[in-house]
Amino acid sequence: MKKILLIALLFVSGCEIDHGLGPLKSRITGKISFVNENFKPDNIDALRPIAVTKWDPENFSLSDIVIANTSVNMSKENPDYYIPAPLGSYELVAIVYRKKGQGWNYTQILGFYGFDPVTYTGESKIVTLSKTKPIAGEIDIVCDWTWAVGIK
């Protein structure tokens, strides 16, 4: 019996144990600012940050999107957001909204990284996560409530 226990102990100590995937260490973070608060519709249920590897609204695929598993705290003036995302490049980092009683539509964008509310212009800026820079911080997003006005 001692020999079997000793052999089993030697076998287990010589093996590596796979502990699963574990949490992603790479991520995109930033702050959200809201403009035109007086246009905020009452029927917005939640906001969620997304990162899109290939942005083509005409041929949009869920396989191109990384969705944060937490909603944005809309009660804060400048809430933080966090998207755990695999290493790679993201053509669009945005905040999407969901109407009350409906599912998520990831093309309903309220704001994106690169939008300038002063000039009302913007160009989506590419965000890259790499082995040498796995965290992209200060990817701040301005959300304009006028973009959601038509959903009442």
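Since the model is a prediction, treat every value here as computed from it, not as a measurement. (Residues numbered from 1 in each chain as written. Predicted model: local features only at pLDDT ≥ 70, side-chain atom pairs only at ≥ 80, totals over all residues. Heavy atoms only, no water.)

A.B. asks: Explain the pairing of strand β2 (residues 44-52) here, please?
C.D. replies: Both faces of the sheet carry side chains from a regular strand, because those side chains alternate between them. Across the 9 residues of β2, 8 count as buried, placing the element largely inside the fold. Across 8 bridges, the pairing between β2 and strand β6 (residues 92-99) is antiparallel. Looking across to β6, one finds that Val52 is bridged to Leu92. Sheet topology places β2 next to strand β3 (residues 65-67); 3 bridges connect them, and they run antiparallel. Residue pairing for β3: Val52 is matched across the bridge by Ile65. (Buried < 20%, exposed > 50% of the residue type's maximum accessible area, 1.4 Å probe, protein only. Helix = DSSP H or I, 4+ residues; strand = E, 2+ residues; numbered from the N terminus. Pairing = 2+ DSSP bridges.)

A.B. asks: I would appreciate a short explanation of the side chain of Asp64 in the present structure.
C.D. replies: Its place among the elements puts Asp64 in the loop between β2 and β3. Buried and without a salt bridge, Asp64 has Lys54 as its closest oppositely charged side chain, separated by 4.5 Å. Not counting chain neighbours up to four residues away, the residues in contact with Asp64 comprise Ala51, Val52, Thr53 and Lys54. (Lys, Arg positive; Asp, Glu negative; His and termini not counted. Salt bridge = Lys/Arg side-chain N within 4 Å of Asp/Glu carboxyl O. Contact = heavy atoms within 4.5 Å.)

A.B. asks: Would you mind showing me how to read the nonpolar core here?
C.D. replies: Among soluble globular proteins, nonpolar side chains are generally buried collectively. Grouped together as the largest cluster of nonpolar side chains are 26 residues, with contacts concentrated most on Ile28, Leu47, Tyr81, Ile83, Tyr90, Val93 and Ile139. The set of elements that each furnish at least two residues to this core consists of β1 (27-35), β2, β4 (80-84), β6, β10 (127-129) and β12 (141-144). Setting aside residues no more than four positions away along its own chain, Val93 makes contact with Ile28, Ile50, Ala51, Tyr81, Ile83, Phe112, Tyr113, Val127, Ile139 and Ile141. Counting 11 residues, the second-largest nonpolar core is a separate cluster that includes Ile50, Ile65, Leu92 and Val142. (Core = buried A, V, L, I, M, F, W, Y, C linked by side-chain atoms within 4.5 Å.)

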